[in-house]
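Commentary on secondary and tertiary structure
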Amino acid sequence: MTQEEIPALWKNRSYRLLLTGSTAEDVGAAIGAFAVPLVAYGITGSVVQAGAIAFVGQLGAVLVTLPAGVVVDRVDRRRLIVGGGLVAAVVWLSVVVAGVVDGLSVTAPHLAAALFVSSVVGALMDPAGTAALHSVVPAKQMGQAMSVAQGRDAAATLLMGPVGGLLYGMSSVLPFLVSAVGRLVSAGTAALVRQPLNGDLGAAASEHPLTALKEGLRYVVGVPLFRSVLGLFIVVNVVLNGMMIAINLHLVSIGTVPALIGLVNTAVGVGVLAGSVLAGRLIPRVRLGVLTVMALGVGAAATLVMALFPTFWGFVGALTGMMLFAPALNAGLVSYVTAITPAHLQGRTSATLGLTSLVAGPTAPLAGSFLLDGLGIGGALWLFSAAWAVLVVAMLLVRPLWRVGLPDTWVDISPARHA
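Residues numbered from 1 in each chain as written. Predicted model: local features only at pLDDT ≥ 70, side-chain atom pairs only at ≥ 80, totals over all residues. Heavy atoms only, no water.

On to the overall build of the protein, then. Along the backbone of the protein there are 17 helices and 0 strands. Buried positions account for 52% of the 419 residues belonging to the protein. Sequence separation of 24 or more characterises 88% of the internal contacts of the protein that already satisfy a separation of 6 or more. Here the protein displays about 16900 Å² of accessible surface, and carbon together with sulfur accounts for 69% of that area. (Helix = DSSP H or I, 4+ residues; strand = E, 2+ residues; numbered from the N terminus. Buried < 20%, exposed > 50% of the residue type's maximum accessible area, 1.4 Å probe, protein only. Contact = heavy atoms within 4.5 Å. Areas by Shrake-Rupley, 256 points an atom, 1.4 Å probe, with all protein chains shown as cover.)

What follows is the structure, given as structure tokens:
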């Protein structure tokens, strides 16, 4: 089928349903995530203990991410997304109930447990969602679909600050209610998708789970680019998320009102939204290696500005500019992975590569909170700035990254030949 014969992406009913559900889920999760450090600090009164709650909460995703890839390739993805959404909704509703029923209140163990279960569900649903897109979106439209996903993420980030701050000001558990509703919408839209979201489930189920896991790992390790950048992108996510945790906890600890803390996160959303518009233009024209260095280089420069001017408005301005090239990098990487990976390995590949963000989940809160507690916000930002600079140099030395061509060459080369 030629490009002219492929229907426009927006006419694809299955894609629209999956996008609607993932958008609701992301917006709800972002608003809930905004409230987590504020609620955790309110419960414990300690930035370190608040970071520890986030660590426990995200640990579940790290523990199940590799098995999750096997599950996603062996189980009906529609049912998986529906079931996961319902479980996460119930968990967050339990936090809401604890916060509003007389005689009950949210405790640190309850919040940590809710985060833990939610992160386990996310570890299943994220690769399931990516693999589902592969089933409903033609390869030649994958770059466009991923650029739209970056815009969706930008919208979630843009809303999390003002909406999260407003809801938190009304009640500390209202953001978690929105998170639960987002999960319910995701489950509902996935249930309406009629198009199959898996390949041959019978063949997949006939393979022993350990054999399937080994096959997925062999595939990822066998692609030189994946093998080279997996560890580096773990560090990228630890640095980025640790820095954001440190900034948010610093603002909470000095008594900044939630609405202003929300404005900092809104600045990130504005940058990501602008970057998502650029992404659609950059991905077809700029090679992946150049996008990587551009995104990390801007991150290093923005963090240096914040280290020199560790003020509220310094954070707002620098974080807005910092995100301009991140959506193009994220969309480009995900599009490349999805385009070259065989259909029956989509879940396992997505889950394995998802380790770059999942390992950062529990590690980043600890890194950010301990650096803030030990060095103060200024010292922590200087250290994060140095880490960004080291990452830029490291990416320049990754040869397979610089061998990746433009997107129109991806679907014409076998995975084994991809650098």
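The next subject is the nonpolar core. Formed by 87 residues in total, the largest nonpolar core has its most connected members in L111, F176, F226, M243, I247, L319 and W388. Not counting chain neighbours up to four residues away, the residues in contact with L111 comprise V36, V39, A40, I43, I53, W92, V106 and F176. Residues L133, V137, A145 and L197 belong to the second largest nonpolar core, which totals 21 residues. (Core = buried A, V, L, I, M, F, W, Y, C linked by side-chain atoms within 4.5 Å.)

This paragraph deals with the packing of helix α10 (residues 258-282) against helix α12 (residues 312-322). Look at α10 against α12: their axes get within 7 Å of each other, and the N-to-C directions meet at 20°. On the basis of the axis angle, α10 is roughly parallel to α12. Note on packing geometry: the crossing formed by α10 with α12 is right-handed. Residues L260, L263, V264, A267, V268, V270 and G271 of α10 form the contact with α12, whose own contacting residues are F312, W313, V316, L319 and T320. Looking at the contact of α10 with α12 residue by residue, the class counts come to 10 nonpolar, 2 polar and no charged. (Axes fitted to C-alpha atoms, helices over the stretch in contact; angles between N-to-C directions. Parallel < 35°, antiparallel > 145°, perpendicular 65-115°, else oblique. Left-handed = near helix turned anticlockwise from the far one by under 90°. Nonpolar A, V, L, I, M, F, W, Y, C, P; charged D, E, K, R; others polar.)

Pairs can form between side chains of opposite charge once their charged atoms are near each other. One pass over the full model with this rule turns up 2 salt bridges. In this structure, the salt-bridge partner of E25 is R183, at a minimum N-O distance of 2.8 Å. Residue E25 is located in helix α1 (residues 13-44), and its partner R183 is located in helix α6 (residues 174-191); the two are separated by 158 residues in the primary sequence. Taken individually, E25 and R183 each receive the classification buried, so the pair is uniform in this respect. (Salt bridge = Lys/Arg side-chain N within 4 Å of Asp/Glu carboxyl O.)

Packing of α1 against helix α2 (residues 47-74) brings their axes to within 8 Å, and their N-to-C directions diverge by 125°. Taken as axis vectors, α1 and α2 run oblique relative to one another. Considering how the two elements wind past one another, α1 and α2 form a crossing that is right-handed. Across the interface between the two elements, A40, Y41 and T44 of α1 pack against V47, Q49, A50 and I53 of α2.

For the rest of this paragraph, the subject is the packing of aromatic side chains. Across all of its chains, the model carries 4 aromatic pairs by this definition. Look at W92 and F176: their rings are 5.0 Å apart centre to centre, the planes differ by 15°, and that puts the pair in the stacked class. Within this pair, whereas W92 is found in helix α3 (residues 77-100), its partner F176 is found in helix α6, the two being separated by 84 residues in sequence. Relative accessible area serves as the criterion here: at 1%, F176 is assigned to the buried category. Pairing F226 with Y336 gives two aromatic rings, centres 6.4 Å apart and planes at 85°, and the pair type is edge-to-face. In this pair, F226 is assigned in helix α9 (residues 224-253) and Y336 in helix α13 (residues 326-340), connecting sequence segments 110 residues apart. There is no split in this pair, since F226 and Y336 are both buried. (Phe/Tyr/Trp six-rings, centres within 6.5 Å; stacked < 30°, edge-to-face > 60°.)

Now for a nonpolar patch on the surface. A cluster of nonpolar residues, V56, L63, V87, F116 and V117, forms a patch on the protein surface that exposes about 370 Å² of accessible area. Elements represented by at least two residues in the nonpolar patch include exactly α2 and α4 (108-136). (Patch = residues over 30% accessible without salt bridge, like charges linked within 9 Å, V, L, I, M, F, W, Y side chains within 5 Å.)

Here we take up the side chain of S179. Relative to the helices and strands, S179 is located in helix α6. The contact partners of S179, leaving out residues within four places of it in the chain, are G28, A29, G32 and W92.

Here we take up the environment of S186. For S186, the location among the structural elements is in helix α6. Separated by 165 residues in sequence, S186 and G21 have C-alpha atoms that sit 3.7 Å apart. Once residues lying within four places of it in the same chain are set aside, the contact partners of S186 are G21, E25, I81 and M125.

A few words now on the side chain of T341. With respect to the helices and strands, T341 occurs in the loop between α13 and α14 (346-353). At 2.6 Å, the side chain of T341 and the backbone oxygen of V337 are in polar contact. Residue contacts for T341: discarding those within four places in its chain leaves H134, Y219, Q346 and T349. (Polar contact = N/O pair within 3.5 Å; in protein donor to acceptor, adjacent residues only side chain to side chain.)

With that out of the way, let us pick up the confidence of the model for the protein. Do not read the predicted coordinates in detail wherever pLDDT is low. Per-chain confidence: the protein averages 81 in pLDDT, with 89% of residues scoring 70 or above. Confidence, read as mean pLDDT per element, is least for helix α7 (residues 201-206) in the protein (65) and greatest for helix α11 (residues 288-308) (92). This model gives residues 414-419 a pLDDT under 50, and the stretch forms 15 contacts once residues within four places in sequence are excluded. (pLDDT = per-residue confidence, 0-100.)

On to the environment of R78. Inspection of the secondary structure assignment puts R78 in helix α3. Residues R78 and A128, 50 residues apart in the sequence, show an inter-C-alpha distance of 8.3 Å. In this structure, R78 is in contact with A190, A191, V193, R194, Q195, P196 and L197, ignoring residues within four places of it in sequence. In this structure the side chain of R78 is engaged in a polar contact, spanning 3.4 Å, whose partner is the backbone oxygen of R194. For R78, the side chain forms a polar contact with the main-chain oxygen of Q195, separated by 2.8 Å.

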